[in-house]
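In case you want the letters, here they are:
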Amino acid sequence: MRIARGVATVVLALSPSLAIAGGLPSYTQPKTELPNANADASGEAQEGKLSARDVTARLFKAAPGSRPDLTKLNLTRLDLAELDFKHSKLDGADLYGADLSRANLANCSLVGARLDRATITAADFSGADLTDARILRPTIFTTLEIDTAEAPKFAGAKLVRIRSDGLLDRADFSGADLTGAVFGGGATREETLFSPASLTAANFTKAIVKDAKFPGAALKYARFIDADVSGANFRGANLTGAMFRGANLAGADMTGANLDETDLRGARGLDQVIGLSSVTNFESARRDPIP
């Protein structure tokens, strides 16, 4: 591959019962066997794991207007950089460790797909359906420098209940549906299993972020302008300079969050936010004048 993989520093506290060879928890490892990976809807056997050449051939041969079917296939660790997936069906596909740098996955269906440790540098997921998908510990940036041009695009995508962590700085989630999404540890028992997510300067403008979870996440300068963040969990998150202008904050939990210079002007439901008494730097947050 022509691009050196960037490495995001992730600290995971693992119990001996969860650790496996290499010091990684079992859920981050590629599956040794994919259920139904080699069978079609009728149960008939199909070929085994595809090569990058096989995938490219399927995409190239797809008839205009058709959707190539890569459902439930084992595509782990393949070099699929720069491919145009032509609105493919990738539901349940295993893309663990695959290189999707600069790939066009716009309007693809990736329901329940697994993209753990995939390289998604400058990948375009705009309008894609990633309901119940996982993108744990992805590689995005090619160096330690955060380059906006390398951030993935999820504009208008369906990311309902998606599971992700790691470095997603400057990613574009504008207009996306992130209902019930989880970035980092989403429940008490999982806080040691998933690293806090970094979403510095990420764009959630006009997105649906209802009931999403960002516990301990780095959300400095993130934009939630006109977004629906009702019921979202921002417990312990760093919201320094984040923008919530015109957002619906009803029922959002900001317990222990840092609101230094956070822009809350025009936000709705501020009186219904949970944990405001425990936030830090609330006095420096920008708010509408009290009538």
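What counts as what
- Residues numbered from 1 in each chain as written.
- Predicted model: local features only at pLDDT ≥ 70, side-chain atom pairs only at ≥ 80, totals over all residues.
- Heavy atoms only, no water.
- Helix = DSSP H or I, 4+ residues; strand = E, 2+ residues; numbered from the N terminus.
- Contact = heavy atoms within 4.5 Å.
- Areas by Shrake-Rupley, 256 points an atom, 1.4 Å probe, with all protein chains shown as cover.
- Phe/Tyr/Trp six-rings, centres within 6.5 Å; stacked < 30°, edge-to-face > 60°.
- Buried < 20%, exposed > 50% of the residue type's maximum accessible area, 1.4 Å probe, protein only.
- Lys NZ or Arg CZ within 6 Å of the ring centre and 35° of its normal.
- Salt bridge = Lys/Arg side-chain N within 4 Å of Asp/Glu carboxyl O.
- Core = buried A, V, L, I, M, F, W, Y, C linked by side-chain atoms within 4.5 Å.
- Pairing = 2+ DSSP bridges.
- pLDDT = per-residue confidence, 0-100.
- Polar contact = N/O pair within 3.5 Å; in protein donor to acceptor, adjacent residues only side chain to side chain.

**What about the overall build of the protein chain?**
Here is step 1 of the chain: Assigned secondary structure in the protein chain consists of one helix and three strands.
Here is step 2 of the chain: Mapped from its N terminus to its C terminus, the protein chain presents α and β elements in the order α-β-β-β.
Here is step 3 of the chain: Looking at the protein chain alone, contacts between residues at least 24 apart form 32% of all its contacts between residues at least 6 apart.
Here is step 4 of the chain: For the protein chain, the accessible surface area stands at approximately 13,200 Å², while carbon and sulfur atoms represent 51% of it.

**Details of unusual backbone geometry**
Here is step 1 of the chain: In the Ramachandran plot, Glu82 falls in the positive-phi region, its phi being about 70° despite a non-glycine side chain.
Here is step 2 of the chain: Relative to the elements of secondary structure, Glu82 occurs in the loop between helix H1 (52-61) and strand E1 (134-135).
Here is step 3 of the chain: One non-glycine residue, Ala122, lies in the positive phi region at around 60°.
Here is step 4 of the chain: Looking at the element boundaries, Ala122 is found in the loop between H1 and E1.

**So, the packing of aromatic side chains**
The geometry of an aromatic ring pair is captured by two quantities: the separation of the ring centres and the angle between the planes.
Here is step 1 of the chain: Within the structure shown, the criterion is met by twelve aromatic pairs.
Here is step 2 of the chain: Taking 5.0 Å as the distance between ring centres and 5° as the angle between the ring planes, the aromatic pair formed by Phe125 and Phe154 counts as stacked. With Phe125 in the loop between H1 and E1 and Phe154 in the loop between E1 and strand E2 (163-164), this pair connects stretches of sequence that are 29 residues apart. Neither Phe125 nor Phe154 differs from the other in exposure class; each is buried.
Here is step 3 of the chain: Both rings, one in Phe234 and one in Phe244, keep their centres 5.9 Å apart while their planes meet at 85°; by these two values the pair is edge-to-face. Of this pair, Phe234 sits in the segment after strand E3 (182-183) while Phe244 sits in the segment after E3, and the two are ten residues apart along the sequence. The two residues Phe234 and Phe244 agree in class, both being buried.
Here is step 4 of the chain: Clustering of aromatic rings is evident, with ring pairs tying together Phe125, Phe154, Phe173, Phe183, Phe204, Phe214, Phe224, Phe234 and Phe244.
Here is step 5 of the chain: Positioned above the aromatic ring of Phe282 is the side chain of Arg287, whose terminal nitrogen or guanidinium carbon lies 4.2 Å from the ring centre.

**Some words on the environment of His87**
Here is step 1 of the chain: If you trace the backbone, His87 turns up in the loop between H1 and E1.
Here is step 2 of the chain: What makes His87 partly exposed here is its relative accessible area of 41%.
Here is step 3 of the chain: Along the backbone, His87 and Cys108 are 21 residues apart, and their C-alpha atoms lie at a distance of 4.2 Å.
Here is step 4 of the chain: Those residues in contact with His87 that sit more than four places away from it in its chain are Arg67, Ala106, Asn107 and Cys108.

**Re the pattern of salt bridges**
Here is step 1 of the chain: Applying the stated rule across the entire model yields eight salt bridges.
Here is step 2 of the chain: A salt bridge links Glu82 to Arg102, with the nearest nitrogen and oxygen atoms 2.7 Å apart. Note that Glu82 is positioned in the loop between H1 and E1 and Arg102 in the loop between H1 and E1, a separation of 20 residues in sequence.
Here is step 3 of the chain: Here the salt bridges share partners, and the residues they tie into one network are Asp94, Arg114, Asp116 and Arg134.

**Overview of the nonpolar core**
Generally speaking, soluble globular proteins have nonpolar side chains that are buried together.
Here is step 1 of the chain: Among the nonpolar cores identified, the biggest contains 73 residues, and Phe85, Leu130, Phe173, Phe204, Leu219, Phe234 and Phe244 are the most heavily contacted of them.
Here is step 2 of the chain: Those residues in contact with Phe85 that sit more than four places away from it in its chain are Val55, Leu59, Pro68, Leu70, Leu80, Leu90, Leu100, Ala103, Asn104, Leu105 and Cys108.

**Digging into the sheet that holds E3**
Sheet strands pair via backbone hydrogen bonds, and the direction of the pair is either parallel or antiparallel.
Here is step 1 of the chain: Ordered in space as E1-E2-E3, the three strands form an open sheet in which the pairing is parallel. Each end of this open sheet is capped by a strand with a single partner; those strands are E1 and E3.

**With respect to the confidence of the model for the protein chain**
Here is step 1 of the chain: Here the protein chain averages 85 in pLDDT, and 79% of its residues register 70 or above.
Here is step 2 of the chain: pLDDT under 50 marks residues 1-28. Its contacts with residues more than four places away, or in other chains, come to 54 contacts.
Here is step 3 of the chain: Here residues 32-47 is a poorly scored stretch, pLDDT under 50, and it has 20 contacts once near neighbours within four places are set aside; other chains count.

**Some remarks on the environment of Val182**
Here is step 1 of the chain: Looking at the element boundaries, Val182 is found in strand E3.
Here is step 2 of the chain: Beyond its immediate stretch of four places on either side in the chain, Val182 contacts Ile162, Arg163, Ser164 and Lys213.

**A few points about the environment of Thr143**
Here is step 1 of the chain: For Thr143, the location among the structural elements is in the loop between E1 and E2.
Here is step 2 of the chain: Thr143 gets classed as partly exposed once you look at its relative accessible area, which sits at 46%.
Here is step 3 of the chain: Here Glu145 takes part through its backbone nitrogen, which lies 3.1 Å from a polar atom of the side chain of Thr143.

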